[in-house]
Every structure is written in C-alpha cells, then in structure tokens.
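Structure at a glance
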Amino acid sequence: MINRKMNKIVFIISVLFLCSLSAHSQDGSDNMEAINGLISRIMPQHKTSVDCRLNVKAIKPYFKIFKFGQKLVVEGNSPVSIASGLHRYMKDYLNVSVSWTDFTPVLPDKLPLPSKVIKEESPYEFVTYMNYCTFGYTTVYWDWERWEKEIDWMALHGVTHPLSMVGVEQVWRNFLARIGYTEEETKKFLTGPVYLPWLLMGNMEALGGPMPDEWFEKQVALQHKILDRMRSYGMEPIFQAFYGMVPSGYKAKYPNATVVEQGKWNTFDRPDVLSPLDPEFDRLARIWYDEYTALFGKTDYYAGDLFHEGGKTGGLDVTACARSVEKAMLTFNPDAVWVLQSWGPNPVPELLKGLSPEHALVVELCAEYWHRWKDNGGYDGIPWAWSNISNWGGNIGLHGRLDAIASEPLDALHDKQASKTLIGIGFTPEGIETNPVVPALWSDMVWNSKTLDMEQWIQKYAQYRYHSVLPSLQESWNGFYKTVYGTYPGSRRPSEPVFCAEPSLGVKTVSSWSQCKIYYDPNLFADACKTFLQDASALKGNKNYEYDVVDMVRQYISDLGRSSYARIQEAWKNRNRELFDKETKRFLQLIKDQDRLLLSHPAFCLQSWLESARSAGSTPGIKSQYEYYNKLIVTSWDTVDGSLNDYTHRELGGLLGTYYYKRWSLYFNYLNQAWDNPSLPEPYMFGVTKTWLYEKLGDTILSSSNNPVDTASEIFNKYYQ
C-alpha cells in the first residue's frame, strides 16, 4: 500500500504542477510552480538560468544534475527531489548552502555549469521531519514568512512527509462541540499555544490556556498557507490521528463510556482515553476525521500514540485496541497510514500485532543513540523509518553524534532482517535552529547508501558553510568534529551548562534526564575555537560565521563554568576561603560575559523568543499571556517545582543575566553567610523563578549593537591561555 501510494503521489504531481519558462516535465506537460517559486526566493537573479525537469516515469526517488548546452539542468522524480538536486548543485559548484542561519546565500552573477553528471537515488520513499515538541519549543509563534522559509528548507533537504500540527486546536474545538462540549469546557481542556504538543501526545491538558478566539482563526489561516505550499511541492503532511484521547472527566459527562484514566504525567493530570473497543469509538473517530478534512483537506498519514510515555492500558486488549484505531482510520480513508513513534517501550509488541503492514509505519526516535530496530530486527513486519532527534527542549549546547548519523542508517539498510521493512528516514528534533551541521549531514544521508568519509565530508562542509576555503576553517571544524560533535557512549544529549542548574554544591545534572559531564576533551575544543577565530576579521559579515563563532565561544565559556564550579566544590569541601571567594567571583563573571556574548546575536537572545510571543497577540492581555508562558517553558516549564524544572536550560542573552545570574548570586551570598553558620536555611530558589516570571525585563534583554565576531574574539581571548 505504501509503495502504491508513492506512485500515486508521483502521478498526481505530474497533473498538478504547471509548466513555466524555467521548469518543465520530460513529457512536455505543464509543471512545477513550487520549484519556480523556490528559485525566485533563493536565487532570484537566476530564474531563467536553471532548467528543472520532472520525470514522472521514475520508480525511485532521484535527482540528476547536468548541463544541456549552456544551461544548468536539474532533473528529478518530484519537486522535492529536484529541490534537493538544486541544493546539491549549490553546495558542490557554488560553495554555498541554504540553512537556518542564512536562507539567501550570496551567489555569483553567472552560474557555473557542472563538469559531470551527478545522479543520486534515495533508498527511502518516506522522509519525515519534526517532532511534536518542535511545535512548542520552536515554531509555536511563527508567522507565514518564517514558515515559507522552513518549507523551502524542507524541500531543499529532501523532506517528503512533514509532521504538520498547526491549526489542530480548531479541529479539537469543532470535534468537542459536536460531541456535546460547551465552548467553556473546550477552552478549559485545551492548553495554551506553547504547550499544545504535550496535549496532542496525551501528556497534559489546560496549562497555558484558555486560547483566545483570535488564536484559532490565525492558526487555521496559517495552516491553509502551509498546506498549500507543502502540497505544491508534492509533500504529504502528517495530521493528528484519533486514538481515543478525550478530556479528563469524560466519564462523568458520559457515564456509560468505557474510559481509562491516564493518571499523571510528571505533575500534570493527563487526558482520559476512551477505549477503542467502546461502541462509541467509531462514531467519535468519524467526527474527528470529518472535521479535520473539512478544515484542511485530505491526507493519507495520521500520527498518534496510544498509551504514550507511561499511559495506562487499564487492562484493555492492546492488540484489539490497535486494530480498532486502524479500522476507524481506514473506514474514513482506505489509503490511510497510521504513523507511530518508537519511544521508550512503545509501540509494544501487542500493539504491533494489531496493525496491518500496509497501513502502519513506525518512526524510531533517537536512533542515533538507541537501536531498538537492531535489537528486534525491525518492528514485527511493520514498515519503519530511522530518525535522529539530536535536540532536546530547544537547548543550544553543541551536540550531534555525527558518526552515528553517518553510519546508523547504513547499518539499518544492510541489516539482514530490519532492512526488509525499512522504508524511511527522519529528522525529529524537539527544537530546531541549533547545530546546523546536524541537518546538513542528515539530509545528505537521505540520498546516500554508501559509507561516508566523514573527515572529507567535514572539510567540504566547512567550505560551503562559509563560502570559503580558508585552512583555518577546515582545521577548526576537524577539531569540532572530534570533540563536541563526537559520538561517545552514554552521550545522548548535549553536556548541560552548569550556569543553568538550580544552585547547589552537588550539581550533577541541570535537567532530570541528562548530565553536566563533558565527554570530549575541552582543551582540544578550546584549541579548535582558537583556530576558528584565526581569520575572524576576514569573515565579518558572513551570516553563518557570525552565528557559529558566537555558538562555539558560548560552548567554550560554558565549559569553563564547569571547571570553575568544580573548584568551588573543592574550596567548600576543603574550607579554602580564598579559593572559594576567587572562584565564585570568576563563576559569576563568566555568566556575565556569556550573557554579553549572546546578546551580540539575535539568534541567542531571550528578547527574540519573547517578542515572537508578544507579536502573536493583538491586545496587551493576550500579549502578556503568551509572553508569560514562553518565559515559563524555558525556565521551570511548570507552574510548580517539578521534574521538568530547567528542562530546556537555554543559554540565552538576557536569560542568563536576569535569571540564572540572579539565582547563583543569591546562592553564593547564602554560602558566604553559611560558611560560619551551617544551620542557615538555603534560599527558596523556586521563589526566584516565580518572581522573575512576572518581572518586566526591559532593556536588560535587548540584543546589543556589538559586533558578534568582535565580541566573541574579545571574550575568548580574555580567558584562553
């Protein structure tokens, strides 16, 4: 079914996309408005210089780059394949790329023609992108201008099946109205915008709400634009499935319903699950899919996970439940495919037994670290996709496990058992716009089935990343690859910044599921930073370099913070007052300098995160509501002190200076007083959080006018020895 669906998509593309001067199909039919639009946005001066050709007869995804006369030709089986081929040409022949840090790289006046034919085939028919969490940690307040760039980015990076959750809150609104909920009850159930992903996963409800009416209207209009563009590229969006989730207290409203209460997720009450075996399940599922399609049109892919992250089965027959969810989906759309996340123990073998291989697909999350597919030889005959997460909570620590990303998909392709059902690859980060080297490598793996020479790949990346062949860039990136971007046992997440930890003398971790341990050699990384700064003056104005130089020096200062903290622990243990005073002052100064560094670049500023929220509201009250919860999620996450505290631990300019500095300064003052008075009670740190959430931060979080390259150089040289 999935293979047949892909052939059907290719056929539809050949009918839908109309011919223009710069794009046509080999059979002469009209074609590809999306590709023409892409070219006009990323290389407007070359709109008539590129001949893009769609080959509707191709069986496998492919692109081919060649010259015909004096024209560049990019050919492919779909608009996404053609876009990927165009991006490959840009990297190979123009020495540039399109990335989150530069969507419109500088191009030459004349495009050089390829010296040879380049053809790549993808071993994957399903290429997915994004994680539910991405819609909270990054994209929540994006407007169409930003989404347009991201969809172009998706096409250039080979994405065919993006998760597409914008506007789903209106589906919930309509669905609940049809099954008897009042508007007040619905808004009490729905979270605020930034927490919506966790409602969709069945983890929580209510926090951050109620959603204003204007939010629903804007998101529906935005999703229409998003879907129009995705579909014009031939992408198949993944919508939310109905798997039985209903508001908590559903049984009180409908006493005859068979409901499984899901208990708690961390500190939150979870929504209930209506048993998929309940006589009413099919009717509710039909309403859900009717409302979704009425709002946003048809798709063949629906995502959702029964009993996610500790959800309770309540003694239900899990195999029968899975069969019922799939049946309801197929009753509405006989071509539907249920997309499930492989996360923790889910999907359990009993659930897989209830699925049809033609209508289900498992996306293994965090396959760059865990290898469930390898342990089990796949997913009991259900098609599956390898994917890497790489980012957690939108934190900005340098991290990538590049060797794993370069090798693990190939291992899966060549595994005797698991390869039989491997049909896809995915990039599923919790937050995006960090560590741009990771998607650069991942997108190359979309088109690769052979072993990569990673040192050679890194050298090429350093060239097209900065449009430069300076030896210092290649040498430094070789150092970054062997340190912060290395693949180490036990290193699933970035090493956490101790600056962001809740202050104590026993810090081992910032968040509940990671560690402050440095797996790489910090001295080798520092030396790579020094080399990276060697030609800094020549690279001023280079968008990618300006972003990266701040990021690399940020990591260096963060590493120094760990060393300083260790000496503070030593001083306290040994009652060395002189060392204690010296290192606490140094530690606080490191936070100040880190804050000043990050304020020099808007991508690393709290102001940017908060302003995106405020700009989404039309009244002072709505603006304040959005801002408050954007502050909450990047600090304590929850309104009470729980296990999610500091989960995102983002080193942001303005956040370090107004929040993390304040916590550590208060704690060190306490230690100074407790030096001779050990019975003194520790300060209540969550009180600092609650106060900060309501503070008007003003100019203290504004991006500075300081040049990021100069600032990074100055601060690095202040500490490097």
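What you see is a predicted model, and the numbers here were worked out from it, not measured in a lab. (Residues numbered from 1 in each chain as written. Predicted model: local features only at pLDDT ≥ 70, side-chain atom pairs only at ≥ 80, totals over all residues. Heavy atoms only, no water.)

**Some words on the sheet that holds strand β9 (residues 245-246)**
If you walk across this open sheet you meet the 3 strands as β9-β13-β10, and the pairing is antiparallel. The open sheet terminates on both sides in strands that have one partner only, identified here as β9 and β10 (259-260). Inspection of the sheet shows β10 paired to strand β13 (residues 272-274) by 2 bridges, in the antiparallel sense. Counted as the bridge partner of V260 is V273 from β13. (Pairing = 2+ DSSP bridges. Helix = DSSP H or I, 4+ residues; strand = E, 2+ residues; numbered from the N terminus.)

**A closer look at the packing of aromatic side chains**
Inspection of the entire model under this criterion finds 71 aromatic pairs. For the pair Y461 and Y464, a centre-to-centre distance of 5.5 Å together with 80 degrees between the ring planes defines the contact as edge-to-face. On the criterion of helical spacing, the pair formed by Y461 and Y464 is a turn pair, its members being 3 residues apart in helix α17 (residues 454-466). Taken together, a centroid distance of 5.0 Å and an interplanar angle of 65 degrees make the contact between F587 and W664 edge-to-face. One end of the pair, F587, is in helix α21 (residues 577-598); the other, W664, is in helix α24 (residues 655-674), and 77 residues separate them in sequence. Just as F587 is buried, W664 falls in that class too. Here the aromatic residues W172, F175, F189, F239, F242, F281, W288, Y289, Y292, F296, Y302 and F332 are joined through ring pairs into a cluster of three or more. (Phe/Tyr/Trp six-rings, centres within 6.5 Å; stacked < 30°, edge-to-face > 60°. Buried < 20%, exposed > 50% of the residue type's maximum accessible area, 1.4 Å probe, protein only.)

**Quick word on the domain arrangement of the chain**
Under the domain assignment, the chain is made up of domain 1 (28-121), domain 2 (126-452) and domain 3 (478-719). Computed over C-alpha atoms only, the centres of domain 1 and domain 2 are separated by 31 Å. Contacts between the two partners involve 21 residues from domain 1 and, on the opposite side, 25 residues from domain 2. Where domain 1 abuts domain 2, roughly 1,900 Å² becomes buried across the two surfaces, and 68% of that area is made up of carbon and sulfur atoms. The three residues of domain 1 that bury the most area against domain 2 are V80, W100 and F103, which together make up 40% of that side's buried surface. Connecting domain 1 to domain 2 are 3 salt bridges. Between R41 and D152 there is a salt bridge whose closest N-O contact spans 2.6 Å. Going through the elements one at a time, α2 (33-42), β3 (62-68), α3 (79-94) and β5 (118-121) are the ones with two or more residues in the side of domain 1 that touches domain 2. In terms of residue class, the side of domain 1 that touches domain 2 is made up of 13 nonpolar, 4 polar and 4 charged. (Domains from an automatic or database assignment. Contact = heavy atoms within 4.5 Å. Buried area = accessible area lost by both parts, 1.4 Å probe. Salt bridge = Lys/Arg side-chain N within 4 Å of Asp/Glu carboxyl O. Nonpolar A, V, L, I, M, F, W, Y, C, P; charged D, E, K, R; others polar.)

**A look at the side chain of Q341**
Following the sequence through the fold, Q341 ends up in strand β15 (residues 337-342). Q341 sits in the buried class, given a relative accessible area of 10%. Setting aside its immediate chain neighbours within four residues, Q341 contacts Y132, M201, D305, H308, N346, P347, V363 and L365.

**Things to note about the nonpolar core**
Formed by 251 residues in total, the largest nonpolar core has its most connected members in W147, W172, W477, W637 and W664. Excluding residues within four positions of it along the chain, W172 makes contact with F189, L190, L199, L200, M245 and W288. (Core = buried A, V, L, I, M, F, W, Y, C linked by side-chain atoms within 4.5 Å.)

**Looking at the sheet that holds strand β8 (residues 238-240)**
Pairing is parallel in the open sheet, where 8 strands are placed in the order β7-β6-β18-β17-β16-β15-β14-β8. Bordering the open sheet on either side are β7 (161-162) and β8, each of which pairs with just one other strand. Where strand β14 (residues 301-303) and β15 come together, 3 bridges link them in parallel fashion. Following the sheet pairing, A303 is matched in β15 by V339.

**Here's the deal with the pairing of strand β18 (residues 422-427)**
Of all 6 residues making up β18, 6 are buried, and the element is well covered by its neighbours. The sheet contact formed by strand β6 (residues 126-129) and β18 spans 4 bridges and is parallel. Within β18, the position partnered with F126 by the bridge is G424. Sheet analysis places strand β17 (residues 384-388) next to β18, joined by 5 bridges and oriented parallel. Across the sheet, residue W386 finds its bridge partner in β18, namely I425.

**A word on the environment of Y670**
Relative to the helices and strands, Y670 resides in helix α24. Taking relative accessible area as the criterion, Y670 reaches 10% and is therefore assigned buried. Distance from Y670 to W172, taken between C-alpha atoms, is 49 Å for residues 498 residues apart in sequence. If we ignore the near neighbours within four places in the chain, the residues touching Y670 are L680, P681, E682 and P683.

**Considerations on helix α6 (residues 168-178)**
Along α6, 8 of the 11 residues are buried, which leaves the element largely enclosed by surrounding structure. Buried within α6 we find V168, E169, Q170, V171, W172, R173, F175 and L176. For α6, the elements touching its buried residues are α7 (183-189), α8 (196-200), α9 (213-232), β8, β9 and α11 (281-296). Looking one or two residues beyond α6, the residue adopting positive phi is G180, at roughly 105 degrees.

**So, the environment of K353**
Following the sequence through the fold, K353 ends up in the loop between α13 (349-352) and β16 (360-364). The class of K353 is exposed, set by a relative accessible area of 60%. Put simply, K353 and A320 are 33 residues apart on the chain and 8.8 Å apart in space, counted from C-alpha to C-alpha. Excluding residues that lie within four positions of it along the chain, K353 makes contacts with T319 and R323.

**What to know about the packing of helix α15 (residues 402-414) against helix α16 (residues 437-446)**
Packing of α15 against α16 leaves a shortest axis separation of 10 Å and a crossing angle of 20 degrees. Here α16 runs roughly parallel to α15, going by the angle between their axes. In this structure, the crossing between α15 and α16 has a hand that is right-handed. Here L402, I405, A406 and L410 of α15 lie close against α16, whose contacting residues are V437, V438, L441, W442 and M445. A per-class count over the contact of α15 with α16 returns 9 nonpolar, no polar and no charged. (Axes fitted to C-alpha atoms, helices over the stretch in contact; angles between N-to-C directions. Parallel < 35°, antiparallel > 145°, perpendicular 65-115°, else oblique. Left-handed = near helix turned anticlockwise from the far one by under 90°.)

**Some words on the packing of α6 against α11**
At a minimum axis distance of 9 Å, the contact between α6 and α11 shows a crossing angle of 135 degrees. By the angle between their directions, the pair α6 and α11 is classed as oblique. Along this stretch, α6 crosses α11, giving a crossing that reads as right-handed. Across the interface between the two elements, V168, Q170, V171, W172, N174, F175 and R178 from α6 touch L284, I287, W288, D290, E291, Y292, L295 and F296 from α11. A class-by-class count of the residues in the contact of α6 with α11 yields 10 nonpolar, 2 polar and 3 charged.

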